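Here are the chains, one letter per residue:
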Amino acid sequence: MEPTDYSRGRNNTNSKLAFTKVTETIPKMWELVYNLVDGKNSTIDIAGLLGVPIHTISGRFSELKAKQKIYQTSSKKIGSKSYAVYSKTIN
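For the structure given in this document, a descriptive report is provided here. Because the structure is predicted, anything quoted here is derived from the model rather than measured.

### Here's the deal with the packing of aromatic side chains
Consideration 1: For the structure on display, the rule yields 1 aromatic pair.
Consideration 2: Both rings, one in Phe61 and one in Tyr86, keep their centres 5.5 Å apart while their planes meet at 15°; by these two values the pair is stacked. Remark: Tyr86 occurs in strand β2 (residues 81-88) and Phe61 occurs in helix α4 (residues 54-66); sequence separation between them is 25 residues.
Consideration 3: A relative accessible area of 3% places Phe61 in the buried class.
Consideration 4: Judged by relative accessible area, which is 9%, Tyr86 ranks as buried.
Consideration 5: For Lys88, the ring lying beneath its charged end belongs to Tyr34, and the centroid distance is 4.7 Å.

### Looking at the nonpolar core
Buried together is how nonpolar side chains tend to be arranged in soluble globular proteins.
Consideration 1: Counting residues in each nonpolar core, the largest one holds 13 residues, and the members touching the most others are Val33, Val37, Ile57, Phe61, Ile70 and Tyr86.
Consideration 2: Elements supplying a minimum of two residues to this core: α2 (26-36), α3 (43-50), α4 and β2.
Consideration 3: If one sorts the elements of this core by residue count, α2 sits on top with 4 residues.
Consideration 4: Ignoring anything within four residues of it in the chain, the contact list for Ile70 reads Tyr34, Val37, Phe61, Leu64, Lys65, Tyr86, Ser87, Lys88 and Thr89.

### A few points about the pattern of salt bridges
A side chain with one charge may pair with a side chain of the opposite charge, provided their charged atoms come close.
Consideration 1: In the structure shown here, the tally under the stated rule is 2 salt bridges.
Consideration 2: One salt bridge in this structure joins Glu63 and Arg60, with 2.7 Å as the shortest N-O distance. Note that Glu63 and Arg60 are positioned in helix α4 at a spacing of 3 residues, about one turn of the helix.
Consideration 3: Look at Glu63 and you get buried, because its relative accessible area is 3%.
Consideration 4: Residue Arg60 is classed as buried on the basis of its relative accessible area, which comes to 13%.

### Here's the deal with the pairing of strand β1 (residues 70-78)
Consideration 1: Pairing analysis gives 8 bridges linking β1 to β2, with the strands arranged antiparallel. If you follow Gln72 over to β2, its bridge partner there is Tyr86.
Consideration 2: Taken together, β1 and the strand that follows it, β2, pair antiparallel across an intervening segment of 2 residues, in which Gly79 is found at a positive phi of about 65°.

### Quick look at α2
Consideration 1: The set of residues buried in α2 consists of Ile26, Met29, Trp30 and Val33. Looking straight down α2, one finds its buried side chains confined to an arc of 105°; they lie on one side.
Consideration 2: Where α2 is buried, its residues meet α1 (13-22), α3 and α4.

What counts and how
- Residues numbered from 1 in each chain as written.
- Predicted model: local features only at pLDDT ≥ 70, side-chain atom pairs only at ≥ 80, totals over all residues.
- Heavy atoms only, no water.
- Phe/Tyr/Trp six-rings, centres within 6.5 Å; stacked < 30°, edge-to-face > 60°.
- Helix = DSSP H or I, 4+ residues; strand = E, 2+ residues; numbered from the N terminus.
- Buried < 20%, exposed > 50% of the residue type's maximum accessible area, 1.4 Å probe, protein only.
- Lys NZ or Arg CZ within 6 Å of the ring centre and 35° of its normal.
- Core = buried A, V, L, I, M, F, W, Y, C linked by side-chain atoms within 4.5 Å.
- Contact = heavy atoms within 4.5 Å.
- Salt bridge = Lys/Arg side-chain N within 4 Å of Asp/Glu carboxyl O.
- Pairing = 2+ DSSP bridges.
- Arc of directions from axis to C-beta.

Limitation: the analysis is restricted to geometry and does not speak to function.
In C-alpha cells, the structure reads:
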C-alpha cells in the first residue's frame, strides 16, 4: 500500500512537508494499528496500547478504512467524547 494524504489541509506547504516526513513511518503504523483492531478496542484504547496520543494514529484509521481493510462497527463513549470501534474486513 502506498501512503496517501487524506488530511483536510493536504494542499498547503506545511501539510506536504509534514506528510513527506511521516511517509516512512506510515506503513509500520498501519500494521501496528491493524493488528490491534478487534471489534472491541476503540481508537483511544488502541492509542493507549501503542503509547501514543490519539491524534498520532487517527489518520491511520481513516487510511485503513479508505482502503477497505477495516470498518466501523460501533463507538465507545468515554467521558463526554465518543471513539470509534473498528473491525477488520474479511478479504
